[in-house]
Amino acid sequence: MASTAPFAKMNGIGNEIIVADMRGRADRVTPAAALALNADAATKFDQIMAIHDAKTPGTAFFIDILNSDGTGAQACGNGMRCVVQALAAETGQKTFAFETVAGILNAEEHADGLISVDMGKPRFGWQDIPLAEEFRDTRMIELQIGPIDAPVLHSPSVVSMGNPHAIFWVDRDVWSYELDRFGPLLENHPIFPERANITIARVTSPETMVIRTWERGAGLTRACGTAACAAVVAAARTRRTGRSVSLVTPGGGSLHVEWRGDDHVILTGAAEWEFSGSFDPSTGVWARDTESAA
Ligand SMILES: N[C@@H](CCC[C@H](N)C(=O)O)C(=O)O
């Protein structure tokens, strides 16, 4: 194996995350390595969060994010919590400033073990999301799937949380929709030139919501942090909820999102370590640490 890097297999309430320690190295985790790790049942993941040395003064690390299809992502809320938990366990530090391609994110591990990440400010302009054509009001855009006169899903809200999201509002159980069938069609719809994360959301009270997400580049996942943020912001914008909402995610876990008065969106939830190992960032060939849990 070439020069290997340590990694931790973790999850953010079921969102499968590999935290790769690329500190002190100039190379990056390649798409080929991502595909190889995802093809192995033991290391199958939704996102790789690669921790690199800081590029910008005032930040501790640069985080490179890869989806399981090998493409890059600008943001990953559940993955950021895993990064925080891994670094807090290593250093004893509780607060961190990270840089991602989407900007600088501040995060904190609380005394109860939950982790909050400031996911920055949402963006609503059609060019920011981006959409392929102008929509002046992104609280509801013209887009539907299913029979033309009886669409199954329609009129989503669209939001950028650094990455593109479409939120389809439903009244029925979120599990009654064939998201595995509609997700890929909507993710790759021509209206989304950079593809999009597709969420079905059912508001259950002004403070609660249930969501299911088809993630761009990863498919159905047990949770998606940026989708939770996008759903709450879109719900508050359309007066479906207030600005502080608890969400139930497909894995049964819960997340809390607060859209603060200063426009920043704060995502709070748990993170869990599963096992550690080392891998070759160019090929994805890996080995489990012998002292690591089975
Ligand atoms: N699981 C993530 C979102 C990951 C990125 C997404 N698939 C994309 O390509 O934008 C989260 O917790 O936010």
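Within any chain, residue numbers begin from 1 and follow the written order of that chain's sequence. Local features in this predicted model are restricted to residues of pLDDT 70 or higher, and side-chain atom pairs are both shown and tallied only at a pLDDT of 80 or more, whereas totals for entire chains, interfaces and linings draw on every residue. Note that the side-chain values use all heavy atoms of the structure and ignore hydrogens as well as water.

Asks: Explain the nonpolar core here, please?
Replies: Note that soluble globular proteins tend to have their nonpolar side chains buried in a common cluster. The set of buried Ala, Val, Leu, Ile, Met, Phe, Trp, Tyr and Cys residues whose side-chain atoms join them within 4.5 Å is what this entry labels a nonpolar core. Remark: exposure states derive from per-residue accessible area (1.4 Å probe, protein chains only) relative to the maximum for the residue type, with buried under 20%, exposed over 50%, and partly exposed in between. If you look at the biggest cluster of nonpolar residues, it comprises 51 residues, and the most contacted ones within it are Met49, Ile63, Val83, Phe98, Met209, Leu247 and Val257. Numbering of helices and strands runs from the N terminus; a helix is a DSSP stretch of H or I covering at least four residues, while a strand is a stretch of E covering at least two. Broken down by element, this core gets its largest block of residues, 9 residues, from helix 4 (residues 225-237). What makes two residues a contact is simply this: any of their non-hydrogen atoms within 4.5 Å. Contacts of Val257, omitting those with residues within four sequence positions, involve Ala228, Cys229, Val232, Arg243, Ser244, Val245, Leu247, Val265, Ile266 and Leu267. Formed by 23 residues, the second largest nonpolar core is a distinct cluster that contains Ile145, Phe182, Ile198 and Trp214.

Asks: Looking at this structure, how should I read the domain arrangement of the protein chain?
Replies: It is common to give the size of an interface as the accessible area lost on bringing the parts into contact. Entries for the protein chain in the domain assignment read domain 1 (5-120 + 271-288) and domain 2 (126-263). Note that the domain bounds were set by an automatic or database domain assignment. Distance between the C-alpha centres of domain 1 and domain 2: 24 Å. Taken together, the contact between domain 1 and domain 2 spans 23 residues of the former and 23 residues of the latter. Summed over both partners, the accessible area lost on bringing two parts together, with a 1.4 Å probe, is the buried area. Summed over both partners, the interface of domain 1 with domain 2 buries about 1,500 Å², with 43% contributed by carbon and sulfur atoms. When residues of domain 1 are sorted by the area they lose upon contact with domain 2, Ile13, Gln74 and Met119 head the list and together hold 34% of the total. By salt bridge we mean one thing: a side-chain nitrogen of Lys or Arg within 4 Å of a carboxyl oxygen of Asp or Glu. Linking domain 1 with domain 2 are 3 salt bridges. Within the residue set of the side of domain 1 that touches domain 2, elements represented by two or more residues are strand 2 (15-21) and helix 2 (77-91).

Asks: How should I be thinking about the UniProt feature "binding site: substrate" (unreviewed entry) in the protein chain in this particular structure?
Replies: The UniProt record marks Asn15, Gln47, Asn67, Gly77, Asn78, Asn163, Asn197, Glu215, Arg216, Gly225 and Thr226 with the feature "binding site: substrate" (unreviewed entry), using the residue numbering of this structure. Along the polypeptide, Gly225 turns up in helix 4. Residue classification places Gly225 among the buried residues on the basis of a relative accessible area of 2%. Apart from residues no more than four positions distant in its own chain, Gly225 is found in contact with Asn15, Gly77, Asn78, Leu255 and Leu267. Structurally, the position occupied by Thr226 is in helix 4. Contacts described as polar in this section are N or O atom pairs within 3.5 Å, which, within protein, must combine one atom able to donate a hydrogen with one able to accept it, while residues neighboring in sequence count only if both atoms come from side chains. Polar side-chain contacts of Thr226 include one of 3.1 Å to the side chain of His165. UniProt positions are given in the numbering used here, feature names are shortened, and annotations may be inferred rather than shown by experiment.

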